[in-house]
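Residues per chain, in single letters:
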Amino acid sequence: MLEEIKKLEKRILKEIPSSYKRYLYKKIDFNSQMIGIVGARGVGKTTLLLQYTKELKQNYPKYKSLYFSYDYPTNIDIKLFELAEEFSKIGGEFLIIDEIHKYKNFSTDLKAIYDFYPKLKVIFTGSCATSIYNSQADLSRRVVLYKMQGLSYREFLELKLDISLPKYTLEEILDNSIDIVDEIEEKILPLEHFSEYLEVGYYPFYFKDKNNYLQLLNAVINQTIDIDMVNLGLVKPSFTNKLKKLLVVISQSNPFELNITKIATNLEVSRNTIYAYLQHLDKADLLNIVYNVKKGISKLSKPEKLYLNNTNIFYALGNEAKIGTIRETFFVSQLKLEHNIEVADSGDFIVDNKYIFEVGGKNKSFKQIKDLDNSYLVIDTDNTQNPNKIPLYLFGFLY
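Residues numbered from 1 in each chain as written. Predicted model: local features only at pLDDT ≥ 70, side-chain atom pairs only at ≥ 80, totals over all residues. Heavy atoms only, no water.

**Student:** When you look at the environment of Gln215 in this model, what are you seeing that I'm missing?
**Tutor:** Among the structural elements, Gln215 can be located in helix 10 (residues 213-231). Residue class for Gln215 comes out exposed when judged on its relative accessible area of 57%. Considering only alpha carbons, one finds Gln215 and Ala316, 101 residues apart in sequence, at a separation of 7.0 Å. (Helix = DSSP H or I, 4+ residues; strand = E, 2+ residues; numbered from the N terminus. Buried < 20%, exposed > 50% of the residue type's maximum accessible area, 1.4 Å probe, protein only.)

**Student:** What am I meant to see in the sheet that holds strand 4 (residues 121-126) here?
**Tutor:** Spatial ordering of the open sheet is given by 2-3-4-1-5, a layout of five strands whose pairing is parallel. The open sheet terminates on both sides in strands that have one partner only, identified here as strand 2 (65-69) and strand 5 (144-148). On average, adjacent strands in this sheet sit at an angle of 15° to one another, irrespective of strand direction. Here strand 3 (residues 94-98) runs beside strand 4; their pairing, made up of four bridges, is parallel. Its bridge partner lying in strand 4, Phe94 is registered against Lys121. Along the sheet, helix 4 (residues 80-89) contacts strand 2 and strand 3; its crossing angle with strand 3, the most-contacted strand, is approximately 155°. (Pairing = 2+ DSSP bridges. Axes fitted to C-alpha atoms, helices over the stretch in contact; angles between N-to-C directions. Contact = heavy atoms within 4.5 Å.)

**Student:** Any chance you could explain the layout of surface pockets here in plain terms?
**Tutor:** Using a probe with the size of a water molecule, rolled over the atoms, empty space left in the structure can be pinpointed. There is about 1100 Å³ of room inside the largest pocket. Lining the largest pocket are 41 residues; nearest its centre among them are Gly44, Thr46, Thr47, Phe205 and Lys208. Among the secondary structure elements, those contributing two or more residues to the lining of the largest pocket are helix 1 (2-14), helix 3 (45-59), strand 2 and helix 10. No other element matches the six residues that helix 3 contributes to the lining of the largest pocket. (1 Å grid on protein atoms, 1.4 Å probe; cavity = no way out; pocket = protein on both sides within 12 Å on 5 of 7 lines; lining within 4 Å. Points joined across faces, edges and corners; volume = space filled by probe spheres on them.)

**Student:** I tried to follow the packing of helix 12 (residues 260-267) against helix 13 (residues 271-283) on my own but got confused; where do I start?
**Tutor:** A pair of packed helices can be characterised by two numbers: the angle between their axes and the separation between those axes. Remark: helix 12 packs on helix 13, axes separated minimally by 9 Å, with the N-to-C direction vectors making an angle of 100°. Taken as axis vectors, helix 12 and helix 13 run roughly perpendicular relative to one another. Residue-level inspection shows Ile260, Thr261, Ile263, Ala264 and Leu267 of helix 12 in contact with helix 13, the latter providing Arg271, Ile274, Tyr275 and Leu278. A class-by-class count of the residues in the contact of helix 12 with helix 13 yields seven nonpolar, one polar and one charged. (Parallel < 35°, antiparallel > 145°, perpendicular 65-115°, else oblique. Nonpolar A, V, L, I, M, F, W, Y, C, P; charged D, E, K, R; others polar.)

**Student:** Looking at this structure, I do not really get the pattern of salt bridges. What am I missing?
**Tutor:** Once the charged atoms of two side chains with opposite charge are near each other, the side chains can pair. Within this structure, the stated rule accounts for 19 salt bridges. Across the salt bridge formed by Asp228 and Arg41, the nearest N and O atoms sit 2.8 Å from each other. Separated by 187 residues along the polypeptide, Asp228 in helix 10 and Arg41 in the loop between strand 1 (34-39) and helix 3 bring together distant segments of the chain. Exposure remark for Arg41: the relative accessible area of 19% places this residue in the buried category. Among the ionic pairs, Lys305 bridges to Asp348, the shortest N-O distance being 3.8 Å. Here Asp348 lies in the loop between strand 8 (341-343) and strand 9 (349-351) and Lys305 lies in strand 7 (residues 305-308), a separation of 43 residues in the sequence. The two residues Lys305 and Asp348 agree in class, both being buried. Each of the salt bridges in this network shares a partner with another, and the network as a whole consists of Asp71, Glu99 and Lys102. (Salt bridge = Lys/Arg side-chain N within 4 Å of Asp/Glu carboxyl O.)

**Student:** How do you make sense of the sheet that holds strand 11 (residues 375-379) when you look at a structure like this?
**Tutor:** Strands pair in a sheet through their backbones, by hydrogen bonds, and they do so in one of two ways: parallel or antiparallel. On the basis of which strands lie adjacent, the open sheet formed by five strands has the order 8-9-10-11-12 and mixed pairing. Every interior strand has two partners, whereas the edge strands, strand 8 and strand 12 (389-391), have only one. The sheet shows a mean angle of 35° between the axes of neighbouring strands, taken without regard to direction. In the sheet, strand 9 pairs with strand 10 (residues 355-360) via three bridges, with the strands oriented antiparallel. Following the sheet pairing, Phe349 is matched in strand 10 by Phe357.

**Student:** Whenever I open this one, the side chain of Ser375 confuses me. Can you help?
**Tutor:** Looking at the element boundaries, Ser375 is found in strand 11. Taking the relative accessible area as the measure of exposure, Ser375 reaches 7% and is therefore buried. Polar contacts involving the side chain of Ser375 include one to the main-chain carbonyl oxygen of Ile369, which spans 3.3 Å. (Polar contact = N/O pair within 3.5 Å; in protein donor to acceptor, adjacent residues only side chain to side chain.)

**Student:** Please explain the side chain of Thr240 as it appears in this structure.
**Tutor:** Inspection of the secondary structure assignment puts Thr240 in helix 11 (residues 240-251). Residue class for Thr240 comes out buried when judged on its relative accessible area of 7%. Those residues in contact with Thr240, other than ones at most four positions away along the chain, are Ile225, Asp226, Val230 and Val235.

**Student:** Sorry, what's going on with empty space enclosed by the protein here?
**Tutor:** Using the criterion set out here, one finds four cavities of 30 Å³ or more in the structure. Put simply, the largest cavity is a space of about 70 Å³. In terms of lining, the largest cavity is formed by Gly39, Ala40, Arg41, Ser127, Cys128, Thr224, Asp228, Met229, Leu232 and Ala284. If one sorts the elements of the lining of the largest cavity by residue count, helix 10 sits on top with three residues. A breakdown of the residues in the lining of the largest cavity according to their chemical character gives five nonpolar, three polar and two charged. Space inside the second largest cavity adds up to approximately 60 Å³. For the second largest cavity, the full set of lining residues is Ala40, Val43, Lys147, Met148, Gln149, Gly150, Tyr202, Tyr203, Asp285, Asn309 and Asn310. For the lining of the second largest cavity, the class distribution of residues is five nonpolar, four polar and two charged.

What follows is the structure, given as structure tokens:
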């Protein structure tokens, strides 16, 4: 078993993509015994594992590490625990498992590996966090889980222009946006590639096949619903078309104008089913749900605003959203990774229960938030001379 896996591993590592390492690579503590990386299809999870495997091969004897993917038909019947057992017997120390959610009993096997082989470090990828934490075995105390997003605007620029750009914390941007913009403008024209990013720059596979990117993204959307969500038991195969229709309806609507009752009637399902579908699409990284700060989060509560997970999905679905929706979708997608974002009573959003943001065009005024502390305008421009007016693109430098 191991010899065949090693042959496949060798072939795969020869084809490893660019040496560019995503933001998450630098954040992971690889000393943990068991690490899970979750995220949408196409965001680069496999590339990260292959880069890590290649690094292990360079720093340790090659037999110490093994990359294995359940994405290959020849591997699907290999039992994970038996693989770990055999690998440990020859002195293996680093077991790297890709697409683990495609293996039916992954949670039970991971728990057993953690308990019986404490010296074996395991790092794996899965389709979404719910597939890990909603599993039968108790993995939450054993697995250090990381969420991987698509490219930030900063990463997109680094890949496109082959340059290095700094990332900034939210607090740094809010305290020092004018100087930060000056630093960025010494290297690039900040808006030169922004429209391209909004349309096609979120998923790394853009740089592999630019001509067919939107077609490939459509395939990602369909596979996420038809395969991942079905396999995880989130939706029955006969109902997948309803989820796709719901996604299209959201892409055609303003974020706050969705009529749940009307949609439920059109799709011939109950309101509660629509709420459940919205939760599933959010967990599958196809939607971003933003709740009201006062209403809290409930599976059966009405979301205050609904956004597609990222701006590229609008173009993949063939819909031209209003510029205001595009701005807000970008803002939410860039902040939601590390910050709590909710709908504010005044202004568009409140972040971390502290900062108020109003998002708009370059002529947007402070009228709606003029009397609020810690309030900022996020506007469509390359720079400003007002520290409380921050260019929208700058939030693409958060990771």
